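Structural description and commentary
Spelled out, the chains give:
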Amino acid sequence: MNAKDIRKDFPILDQQVNGNDLIYFDTSATSQTPSPVIDAMTAYYEAYNSNVHRGVHTLGTKATDGYEQARMKVRSFINAKRFEEVIFTRGTTAAINLVARSFGDMVIEPGDEIVVTEMEHHANIVPWQELAKRKQAELKFIPMEADGTLTMENVEATIGENTKIVAITHVSNVLGTINDIRAIAEVAHRNDAYIAVDGAQAVPHMSVDVQDLDVDFYAFSGHKMLGPTGIGVLYGRSELLDDMEPIEYGGDMIDFVDLRTSTWTDLPVKFEAGTPMIAEAIGLAAAIDYIEDIGPEAILEYEQELVNYALERMRSVEGIEIYGPESRAGLITFNLSDVHPHDLATALDSEGVAVRAGHHCAQPLMKWLGVSSTARASFYIYNTTEEIDSFIESLKRTKEFFSYEF
Amino acid sequence: MNFNNLNQLYRSVIMDHYKNPRNKGVIEDGTLTVDMNNPTCGDRIRLTLNVVDEIVEDVKFDGEGCSISMASASMMTESITGKNINEALSMGDEFSKMMLGEDYDISEEMGDIEALSGVSQFPARIKCATLSWKALEKGVKADSK
């Protein structure tokens, strides 16, 4: 893997921000888009933009082929058993909400337990809170160790015979913790519970095989894996999806419509009411091609190099506090002495360095860490150790700037 | 290195208010309490005021946030103390105009707040500066209902 070659595919990276070369360290929020993905979507709009599953004309057929081939691509990328198990959604958030609304309302009874963790993104807490309220169910949290990891002892102790759903992130967007989903799925299933996984921070960075993980639901987003915004995927076991009711109604998802009643069409379109995200699905397929060309293993290995290098260099900056475990995905959440993360992010931006600052849509986790907000640098295939060196120099200058007696 | 424009944002008077906040704390028996947060970044503020016959006799702020939001709150408490509450709201309107880069009318007796004019060059930070003024507006409007 050669990041310098890869960068040539990302026109956005070749620019100056506030007079400095852009250093983009905010992939965990959204990744940048390589030319092949942009080209695939442009080709769709220039040559075969048309609605899917409807007309018999040539463009409509091509658009339908493109959209459905994207589904096949996703199927093989995550190794789902059947293409019907791949539902296109607006993103991870919409996918989790679909599971909580449709599956949750179907299986949860008063007194049942829904198990989550304190490291979840709001998108994987709030839908379950609301489900628990609707059904008088109980929300339980698997406790975390001091370094932000889970132990199997605590997983076993929290998931019990009353647990109906375990909802958990694969990779924490703040701590970088990589959860052992296969082991947690085994505990869930042993207790006759289902497991739904937020894979938004995992799929872009490592090989994910939903059959090997043995999960019931798995959600992820296109825009964090080199694809466009506005598209995501819900994987679900077909026997569960078959029993679930749609939560949106309208065109495409029906079988027969009478004046007063209607019936639904088969999977996967049952859950895709209305005109879907056609260009975005085609863009996502191109993003998967791009990732597969490099290889998920090579991506993971390179990110590990970057994050370990960054950890070592950042620890040399006086006054820095780094959150999360030693072994982590390619992101580092931190604070710099008494510089507020917003001030830090503004100062770094003035030198062209883009980092995230705030609560990262994880307010319960911020509380657990005992901070109101943090800064986060996250890395991907187009970042380099040279960029990390520049970032370290910017951090040092920022610290100096704010420690100056004004 | 491009910290020149940073100096426009982080003027020394702002950092002084951040490091030595004025009127920090809570008025226990105030006539008005208002909590406000910025859900996108986690900044939060509590304003307590003692308003007697429409005059702001006393005002304090508490909370946590970045230098801009905390300095702005500190400056605001200084500028509205002793003022008629409606006058204080008008000052908030002028402050918003300054943030948006529009023509504004801020007199010298309003204290240090004009030092925040540089924030208008940093669109991502405008909400930090306006947090305390929005809290004031919200509190007064809720109170008059």
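Residues numbered from 1 in each chain as written. Chains lettered and ligands numbered in written order. Predicted model: local features only at pLDDT ≥ 70, side-chain atom pairs only at ≥ 80, totals over all residues.

1. Description of the environment of Val 51 of chain B
All names here are of chain B. You can see Val 51 is positioned in strand S2 (residues 44-52). Residue class for Val 51 comes out partly exposed when judged on the 19 C-beta atoms lying within 10 Å of it. Along the chain, Val 51 and Leu 32 lie 19 residues apart, while their C-alpha atoms are 7.5 Å from each other. (Helix = DSSP H or I, 4+ residues; strand = E, 2+ residues; numbered from the N terminus. Buried ≥ 20, exposed ≤ 12 C-beta atoms within 10 Å, placed from the backbone.)

2. Digging into the packing of helix H2 (residues 12-19) of chain B against helix H3 (residues 67-80) of chain B
Any two packed helices are characterised by the angle at which their axes cross and by the distance between the axes. Residue and element names in this part refer to chain B. Where H2 contacts H3, the two axes come as close as 8 Å, and the packing angle between them is 85 degrees. Taken together, the axes of H2 and H3 lie roughly perpendicular to each other. In this structure, H2 contributes Ile 14, Met 15, His 17 and Tyr 18 to the contact, and H3 contributes Ser 67, Met 70, Ala 71, Ser 74 and Met 75. Taken together, the residues of the contact of H2 with H3 break down into six nonpolar, three polar and no charged. (Axes fitted to C-alpha atoms, helices over the stretch in contact; angles between N-to-C directions. Parallel < 35°, antiparallel > 145°, perpendicular 65-115°, else oblique. Contact = placed C-beta atoms within 7 Å. Nonpolar A, V, L, I, M, F, W, Y, C, P; charged D, E, K, R; others polar.)

3. Brief notes about the sheet that holds strand S1 (residues 32-37) of chain B
All names here are of chain B. Taken in spatial order, the three strands of this open sheet run S1-S2-S3, and their pairing is antiparallel. Each of the sheet's edge strands pairs with one partner strand only, and the pair in question is S1 and strand S3 (55-64). The average angle at which neighbouring strand axes cross in this sheet is 15 degrees, direction not considered. Pairing of S1 with S2, which is carried by six bridges, proceeds in the antiparallel orientation. Within S2, the position partnered with Val 34 by the bridge is Leu 47. Running at roughly 175 degrees to S3, H3 makes contact with S2 and S3 of the sheet. Packed onto the sheet, helix H5 (residues 126-143) meets S1, S2 and S3 and runs at close to 135 degrees relative to S1. (Pairing = 2+ DSSP bridges.)

4. Here we look at the interface of chain A and chain B
Between chain A and chain B, the contact holds 18 residues from the first and 19 residues from the second. Elements with a minimum of two residues in the side of chain A that touches chain B: helix H12 (341-349) and helix H14 (385-403) of chain A. If you tally residues by element for the side of chain A that touches chain B, the top one is H12 of chain A, at four residues. When grouped by side-chain class, the residues that make up the side of chain A that touches chain B number four nonpolar, eleven polar and three charged.

5. Examining the domain arrangement of chain A
Residue and element names in this part refer to chain A. Each assigned domain of chain A is listed with its residue range as follows: domain 1 (3-25 + 296-403) and domain 2 (37-293). For domain 1 and domain 2, the distance between their C-alpha centres works out to 29 Å. Of the residues lining the interface, 20 residues belong to domain 1; the matching set on domain 2 comes to 22 residues. Among the secondary structure elements, those contributing two or more residues to the side of domain 1 that touches domain 2 are helix H11 (296-315), strand S14 (331-336) and helix H13 (363-369). Looking at the side of domain 1 that touches domain 2 residue by residue, the class counts come to twelve nonpolar, four polar and four charged. (Domains from an automatic or database assignment.)

6. What about the sheet that holds strand S10 (residues 232-236) of chain A?
Residue and element names in this part refer to chain A. Sheet architecture is open: seven strands sit in the order S4-S10-S9-S8-S7-S5-S6, paired in mixed fashion. In this open sheet, the two edge strands, each paired with only one partner strand, are strand S4 (86-89) and strand S6 (138-142). Averaged over all pairs of adjacent strands, the angle between their axes in this sheet comes to 20 degrees, without regard to strand direction. Inspection of the sheet shows S4 paired to S10 by four bridges, in the antiparallel sense. Its bridge partner being in S10, Phe 88 is matched across the sheet by Val 233. In the packing of helix H4 (residues 92-107) onto the sheet, the strands contacted are S4, strand S7 (163-169), strand S8 (194-198), strand S9 (217-221) and S10, and the crossing angle to S10 comes to about 30 degrees.

7. Some remarks on helix H7 (residues 181-190) of chain A
Residue and element names in this part refer to chain A. Along H7, the positions that sit buried rather than exposed are Ile 181, Ile 184, Ala 185 and Ala 188. The arc that holds the buried residues of H7, viewed along the axis, is 105 degrees, so those residues lie on one side. Away from the buried face of H7 by more than 90 degrees, exposed residues Arg 182 and Arg 190 are located. The inward-facing, buried residues of H7 contact helix H6 (152-158), S7, S8 and helix H8 (210-213). Directly beyond the C-terminal end of H7, a positive phi value near 60 degrees is found at Asp 192. (Arc of directions from axis to C-beta.)

8. Thoughts on the packing of helix H3 (residues 58-78) of chain A against helix H10 (residues 278-294) of chain A
Residues and elements named next belong to chain A. With their axes 8 Å apart at the nearest point, H3 and H10 run at an angle of 40 degrees to one another. When the axis of H3 is compared with that of H10, the two are oblique. Between H3 and H10 lies a crossing of left-handed hand. Here H3 contributes Ala 63, Gly 66, Tyr 67, Gln 69, Ala 70, Lys 73, Val 74 and Phe 77 to the contact with H10, which in turn contributes Ile 278, Ala 281, Ile 282, Leu 284, Ala 285 and Ile 288. Classifying every residue of the contact of H3 with H10 by side-chain character gives eleven nonpolar, two polar and one charged. (Left-handed = near helix turned anticlockwise from the far one by under 90°.)

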